[in-house]
Amino acid sequence: MPTFDSIKAGLRLPILSAPMFIVSGPDLVIAQCKAGVIGSFPSLNARPPEALDEWLTRIETETADYAKANPGKKVGPFAVNLIVNRANKRLQHDTDVVVRHKVPIVITSLSAPTEIVPLVHAYGGLVFHDVVKVRHAEKALEAGVDGIIAVCNGAGGHAGTLNPLALVNELRRFHKGPLVLSGAITNGSGVLAAQAMGCDLAYIGTRFIATRESSAKEGYKQMICESHAGEIVYTPLFSGVPGSYLAGSLRRAGLDPDNLPLIETQGLYRSRDDRPKTWTDIWGAGQGVGNIDDVPSMADLVDRKSTRLNSSHVS
């Protein structure tokens with residue numbers, strides 16, 4: 001297995017794609033790897049559970065064949081996200097599949113991955129952990145993770161509330177290893193800013209929702225292109241954990257984004273079936289949406305980022 005330094009050196013751009021529920025599938029991951037960045041997906045996206053083995057086999061085969069056929073091109077590795085939580089009934093199954101396939105990078109979320117780290121390290125893989133607070137990073141490092149992903153204010157999904165400058169500076173006081181930054185990064189200047197702050201990679205999600213290969217609905221992609229930062233609503237209403245969502249998707253569900261209850265009060269919905277489904281109907285996105293206005297292929301998107309990386313107007 002390659003080291004983090006060799007992985008980083010082998011990328012076309014220093015980008016780790018964020019694993020997005022519903023959105024990230026084999027088509028997107030393969031396109032990301034072929035474009036020279038790290039592709040990723042949540043294991044829970046593969047349904048039923050038996051599909052995870054099929055997904056990994058396809059990703060491994062197609063990226064390896066592409067690399068063999070294009071020896072002069074940089075092909076990124078891939079990562080799988082495991083949700084470390086008692087509520088995740090698939091964790092043991094998915095971990096076993098990930099270990100069997102020797103997935104190069106495992107991204108863990110929620111609880112510290114104490115039991116997962118030694119399993120991944122045994123075959124030479126790397127473990128990166130999502131954090132929104134310093135204490136979360138400390139616990140993850142105690143568990144032996146290789147890298148930290150700082151999920152800051154402005155990120156999509158279950159984002160944190162800390163300013164990236166504040167969180168990164170505090171993390172760098174005690175963590176000298178791989179550090180990835182998440183939060184409204186959509187272009188080359190954002191990637192450069194992450195590097196200038198002392199981060200190794202940029203963690204990008206929202207920009208990749210609006211690509212041809214993503215599994216997002218066409219209406220979702222279009223709403224990404226039509227929205228701006230002020231239309232991102234941060235609320236715990238839908239999943240119980242604060243998350244960032246597109247105001248337009250709330251309106252489509254019959255809700256007023258400017259007048260949401262703090263919790264799901266009795267009578268808000270007639271029944272559980274009547275409740276809009278988080279991620280499927282209520283769409284997640286980060287504050288970087290205002291810089292997105294098209295739906296290119298992953299190859300075209302990375303091409304233009306790569307050729308204009310030193311420009312402050314990279315799109």
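Residues numbered from 1 in each chain as written. Predicted model: local features only at pLDDT ≥ 70, side-chain atom pairs only at ≥ 80, totals over all residues. Heavy atoms only, no water.

1. Looking at helix α8 (residues 188–196)
Those residues of α8 that sit buried are Gly-188, Gly-190, Val-191 and Ala-194. Relative to the axis of α8, the buried residues are bounded by an arc of 160° and lie together on one face. Two residues or fewer after α8 comes Gly-198, characterised by a positive phi angle close to 100°. (Buried < 20%, exposed > 50% of the residue type's maximum accessible area, 1.4 Å probe, protein only. Helix = DSSP H or I, 4+ residues; strand = E, 2+ residues; numbered from the N terminus. Arc of directions from axis to C-beta.)

2. Comments concerning unusual backbone geometry
Note that the residue after Arg-47, namely Pro-48, is joined by a cis bond; omega there is 0°. Phi at Ile-22 is positive, roughly 75°, even though this residue is not glycine. Within the secondary structure, Ile-22 sits in the loop between β1 (15–17) and α2 (26–35). Ile-22 gets classed as partly exposed once you look at its relative accessible area, which sits at 36%. We note that Trp-279 has phi near 80°; this positive angle belongs to a residue other than glycine. Of note, Trp-279 is situated in the loop between α11 (247–252) and α12 (298–307).

3. Details of the nonpolar core
Core analysis: the largest hydrophobic core is formed by 68 residues, its most contacted members being Ile-224 and Leu-246. Once residues lying within four places of it in the same chain are set aside, the contact partners of Leu-246 are Tyr-220, Met-223, Ile-224, Ser-227, Glu-231, Ile-232, Trp-283, Ala-285 and Val-289. (Core = buried A, V, L, I, M, F, W, Y, C linked by side-chain atoms within 4.5 Å. Contact = heavy atoms within 4.5 Å.)

4. Describing the pattern of salt bridges
This model, assessed by the stated rule, comprises 13 salt bridges. A salt bridge links Arg-100 to Asp-53, with the nearest nitrogen and oxygen atoms 3.5 Å apart. Note that Arg-100 is positioned in helix α4 (residues 91–101) and Asp-53 in helix α3 (residues 51–69), a separation of 47 residues in sequence. When salt bridges that share partners are traced, they join Lys-8, Arg-172 and Asp-200 into one network. (Salt bridge = Lys/Arg side-chain N within 4 Å of Asp/Glu carboxyl O.)

5. Some thoughts on the pairing of strand β8 (residues 201–204)
Of the two faces of β8, both are covered, the one formed by Leu-201 and Tyr-203 as well as the one formed by Ala-202 and Ile-204. As paired strands, β1 and β8 are joined by 3 bridges and run parallel to one another. By the bridge assignment for β8, Ile-15 is matched with Ala-202. As paired elements, strand β7 (residues 179–182) and β8 share 3 bridges and run parallel to each other. Across the sheet, the residue bridging to Leu-181 is Ala-202, located in β8. (Pairing = 2+ DSSP bridges.)

6. Side note on the packing of α3 against α4
Their axes nearest at 10 Å, the elements α3 and α4 cross at an angle of 25°. Put simply, α3 runs roughly parallel to α4. For α3 against α4, the interelement crossing comes out right-handed. Residues Leu-52, Asp-53, Leu-56, Thr-57 and Glu-60 of α3 touch α4, and the partners they reach there are Asp-94, Val-97, Arg-100 and His-101. Residue composition of the contact of α3 with α4, by class: 3 nonpolar, 2 polar and 4 charged. (Axes fitted to C-alpha atoms, helices over the stretch in contact; angles between N-to-C directions. Parallel < 35°, antiparallel > 145°, perpendicular 65-115°, else oblique. Left-handed = near helix turned anticlockwise from the far one by under 90°. Nonpolar A, V, L, I, M, F, W, Y, C, P; charged D, E, K, R; others polar.)

7. Topic: the environment of Ala-18
With respect to the element layout, Ala-18 can be found in the loop between β1 and α2. Taking the C-alpha atoms as reference points, Ala-18 and Pro-42, separated by 24 residues in sequence, lie 9.0 Å from one another. Ignoring anything within four residues of it in the chain, the contact list for Ala-18 reads Ser-24, Ser-40, Tyr-203, Ile-204 and Gly-205.

8. Topic: the packing of α2 against α3
Between α2 and α3, whose axes approach to 10 Å, the crossing angle comes to 25°. In terms of axis orientation, α2 runs roughly parallel to α3. Crossing of α2 against α3: the hand is right-handed. Of the residues in α3, those touching α2 at Pro-26, Asp-27, Val-29, Ile-30, Cys-33 and Lys-34 are Trp-55, Arg-58, Ile-59, Glu-62, Thr-63 and Tyr-66. Of the residues in the contact of α2 with α3, the class split is 7 nonpolar, 1 polar and 4 charged.

Bear in mind that shape data such as this cannot, by itself, settle questions of function.
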